[in-house]
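Listed below are the residues making up each chain.
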Amino acid sequence: MLNALYKNCIFSSQERLETHALVSGEFSDHHLRWQGGKVDTRMYKFHAQKISLYSLKYGDEVDIYPEVYKGFSLVHFSLSGGIEIEADGCRRAIPQGRAIISSPRRNINLHWTNACEQLILRIPHAQLDDAAKRLGRGHSAIVRDLDPGLVLSDAASRYWKLQLTTFMAVENYSRQSGAYRPWLEHLEQGLAMFLALQSMGAPYASTQDASVPRSSGLAARRLDRLNEYAMNNLTRPTTLADLAGAAALSERQLNTFCHERLGMSPMAWLRGLRLDAVRATLQADPHADIAATAMLHGFDHLGRFAGYYRQRFSELPSETVKTARTG
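To start, this report covers the structure provided alongside it.

What counts as what
- Residues numbered from 1 in each chain as written.
- Predicted model: local features only at pLDDT ≥ 70, side-chain atom pairs only at ≥ 80, totals over all residues.
- Heavy atoms only, no water.
- Helix = DSSP H or I, 4+ residues; strand = E, 2+ residues; numbered from the N terminus.
- Rg over C-alpha atoms; globule rule 2.2 N^0.38 Å.
- Buried < 20%, exposed > 50% of the residue type's maximum accessible area, 1.4 Å probe, protein only.
- Contact = heavy atoms within 4.5 Å.
- Lys, Arg positive; Asp, Glu negative; His and termini not counted.
- Charge placed at Lys NZ, Arg CZ, Asp CG, Glu CD.
- Pairing = 2+ DSSP bridges.
- Axes fitted to C-alpha atoms, helices over the stretch in contact; angles between N-to-C directions.
- Core = buried A, V, L, I, M, F, W, Y, C linked by side-chain atoms within 4.5 Å.
- Phe/Tyr/Trp six-rings, centres within 6.5 Å; stacked < 30°, edge-to-face > 60°.
- Lys NZ or Arg CZ within 6 Å of the ring centre and 35° of its normal.
- Expected span 1.5 Å × (residues − 1).
- Parallel < 35°, antiparallel > 145°, perpendicular 65-115°, else oblique.
- Left-handed = near helix turned anticlockwise from the far one by under 90°.
- Nonpolar A, V, L, I, M, F, W, Y, C, P; charged D, E, K, R; others polar.
- Salt bridge = Lys/Arg side-chain N within 4 Å of Asp/Glu carboxyl O.

1. Things to note about the overall build of the protein chain
Link 1 in the chain: Looking only at helices and strands, the protein chain has 14 helices and 12 strands in total.
Link 2 in the chain: Over its C-alpha trace the protein chain gives a radius of gyration of 21 Å, about what one expects of a compact globule, namely 20 Å for 327 residues.
Link 3 in the chain: Expressed as lengths along the three principal axes of its C-alpha atoms, the size of the protein chain is roughly 60 × 50 × 45 Å.
Link 4 in the chain: Taking all 327 residues of the protein chain together, 48% fall into the buried category.
Link 5 in the chain: In the protein chain, the proportion of contacts linking residues at least 24 apart, taken out of those at least 6 apart, comes to 70%.
Link 6 in the chain: Here the protein chain carries 38 positive and 33 negative side-chain charges, and the mean point of each set is 4 Å from the other.

The following block contains the structure:
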């Protein structure tokens, strides 16, 4: 995912004072309080037309007390470990795999766990304002009223990661050919629009979420556990017994439960999630090997895989790749 980003290390340091100075130059002045242990700071960056994307890790556990961001917001995605952010008196815990839009007005402090690595997008408020106007909302409705710490849902966080993956891949292509530059600009606008939609209270409804309808009580908790287990094991061999164990049901009970709640068998539902994951991978990296990607996600019979894929998306995997390559 990060190959394009990791090609541009703007600094690495094992010195606390040097780390403070270098990070301040990219974001804002701040105070760092180290919790002891080894300092192993690394920052990677690439800069597009309006936004900057970073990978940052300190190595050690650290508390950060920045000045309030002026004219921009930061979007954190926890690649490994987690962070806690307290912005304007509201505390948010961001585990691995989740994202938050950080837009403090008065004060902010952050706690990074040991060995934590964050993907950080720096987005100017002017770009969010432009996205809001495209969506029929003005500056006052977005920038002024931004939540100081808006945590994205699981589904939105997954989609955010997918967008960043695509953005980095196209940015890499644009370095080799200027023909990709208009597509990169389009994706850059799309990132801002997605964040504006989240700020407007329009959470992303993924195909995964559509497969797991909302309900209350024990059934909802079973669905949540089932969905979480499936999403965490899309590239691992998974049996009906595994899914039943995740939902705390017998195999027979799980089959009945899924037909009632999802309208299909458990394994058919899992197959749909894996097809979605294959498609997302091919769209993000159109040079990925189709057969290898399919097999990674559990499709050993490529003929049946192609049939399932066309049935779900009304096109063959090769057509998905062709569209991704040509834009």
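Okay, back to it.
2. Considerations on the sheet that holds strand 12 (residues 149–151)
Link 1 in the chain: In spatial order, the strands read 1-3-4-11-6-9-12; together these 7 strands make up an open sheet with antiparallel pairing. The open sheet has two free edges, formed respectively by strand 1 (9–13) and strand 12, since each of these has just one partner strand. Across the sheet, the mean angle from the axis of one strand to that of its neighbour is 20 degrees, orientation sign disregarded.
Link 2 in the chain: Where strand 6 (residues 72–80) meets strand 11 (residues 117–124), 8 bridges bridge the pair, whose relative direction is antiparallel. Along strand 11, the bridge assignment pairs Phe77 with Leu119.
Link 3 in the chain: Each of strand 6 and strand 11 is contacted by helix 3 (residues 125–134), which is oriented at about 70 degrees to strand 11, the strand it contacts most.

3. Focus: the nonpolar core
Link 1 in the chain: Residues Leu121, Trp160, Phe167 and Leu195 are the most contacted members of the largest nonpolar core, which totals 32 residues.
Link 2 in the chain: At the level of elements, strand 3 (41–47), strand 6, strand 9 (99–102), strand 11, helix 3, helix 5 (154–176) and helix 6 (181–199) are the ones that each hand at least two residues to this core.
Link 3 in the chain: If one sorts the elements of this core by residue count, helix 6 sits on top with 7 residues.
Link 4 in the chain: If we skip the residues at most four places from it in the chain, Phe167 touches Phe46, Ala48, Ile51, Leu184, Leu187, Glu188 and Leu191.

4. Considering the sheet that holds strand 10 (residues 108–112)
Link 1 in the chain: If you walk across this open sheet you meet the 5 strands as 2-5-10-7-8, and the pairing is antiparallel. Each end of this open sheet is capped by a strand with a single partner; those strands are strand 2 (30–34) and strand 8 (90–94). When the angles between neighbouring strand axes are averaged without regard to direction, this sheet yields 15 degrees.
Link 2 in the chain: Sheet analysis places strand 7 (residues 83–87) next to strand 8, joined by 5 bridges and oriented antiparallel. In the strand pairing of strand 8, Glu84 is matched with Ala93.

5. Focus: the packing of aromatic side chains
Link 1 in the chain: Tallied over the entire structure, the rule returns 9 aromatic pairs.
Link 2 in the chain: Judged by centre distance (5.2 Å) and plane angle (50 degrees), the rings of Phe299 and Phe305 are tilted. Of the two residues, Phe299 and Phe305, neither departs from the other in class, the shared state being buried.
Link 3 in the chain: Taken together, the ring pairs in this structure connect Phe299, Phe305, Tyr309 and Phe313 into an aromatic cluster.
Link 4 in the chain: For the cation-ring pair, Arg122 lies above Phe72, with the distance from its terminal atom to the ring centre recorded as 3.8 Å.
Link 5 in the chain: Its guanidinium or amino end placed over the ring of Phe313, Arg279 lies 4.6 Å from that ring's centre, counting from NZ or CZ.

6. Here we look at helix 6
Quick reminder: α-helices carry 3.6 residues per turn. Residues three or four places apart thus point the same way.
Link 1 in the chain: Its 19 residues place the ends of helix 6 28 Å apart at the C-alpha level, agreeing with the 27 Å of an ideal helix rising 1.5 Å per residue.
Link 2 in the chain: Listed as buried for helix 6 are Leu184, Leu187, Glu188, Leu191, Ala192, Phe194, Leu195, Ala196 and Gln198.

7. Side note on the packing of helix 5 against helix 6
Link 1 in the chain: Between helix 5 and helix 6, whose axes approach to 9 Å, the crossing angle comes to 160 degrees. In terms of orientation, helix 5 lies roughly antiparallel with respect to helix 6. Remark: the crossing between helix 5 and helix 6 carries left-handed chirality. In this structure, helix 5 contributes Ala156, Tyr159, Trp160, Gln163, Leu164, Thr166, Phe167, Val170, Glu171 and Ser174 to the contact, and helix 6 contributes Arg181, Trp183, Leu184, Leu187, Glu188, Gly190, Leu191, Phe194, Leu195 and Gln198.
Link 2 in the chain: Within the contact of helix 5 with helix 6, the residues separate by chemical class into 12 nonpolar, 5 polar and 3 charged.

8. Here we look at the pattern of salt bridges
Link 1 in the chain: Evaluation of the coordinates by the stated rule reveals 11 salt bridges.
Link 2 in the chain: Linking Arg91 and Glu86 is a salt bridge whose minimum nitrogen-to-oxygen distance equals 2.8 Å.
Link 3 in the chain: You can call Glu86 partly exposed: its relative accessible area is 21%.
Link 4 in the chain: Where Arg134 meets Asp130, a salt bridge forms, and the shortest distance between an N and an O atom there is 3.1 Å. In this pair, Arg134 and Asp130 both sit in helix 3, 4 residues apart, roughly one turn of the helix.
Link 5 in the chain: With a relative accessible area of 32%, Asp130 lands in the partly exposed category.
Link 6 in the chain: One connected set of salt bridges, linked through shared partners, spans Glu84, Glu86 and Arg91.

9. Quick notes on the environment of Leu316
Link 1 in the chain: If you trace the backbone, Leu316 turns up in the loop between helix 13 (302–313) and helix 14 (317–326).
Link 2 in the chain: You can call Leu316 partly exposed: its relative accessible area is 27%.
Link 3 in the chain: When the C-alpha positions of Leu316 and Arg181 are compared, they lie 27 Å apart, and in sequence the two are 135 residues distant.
Link 4 in the chain: The residues touching Leu316, leaving out its near neighbours within four places in the chain, are Ala306, Tyr309 and Arg310.

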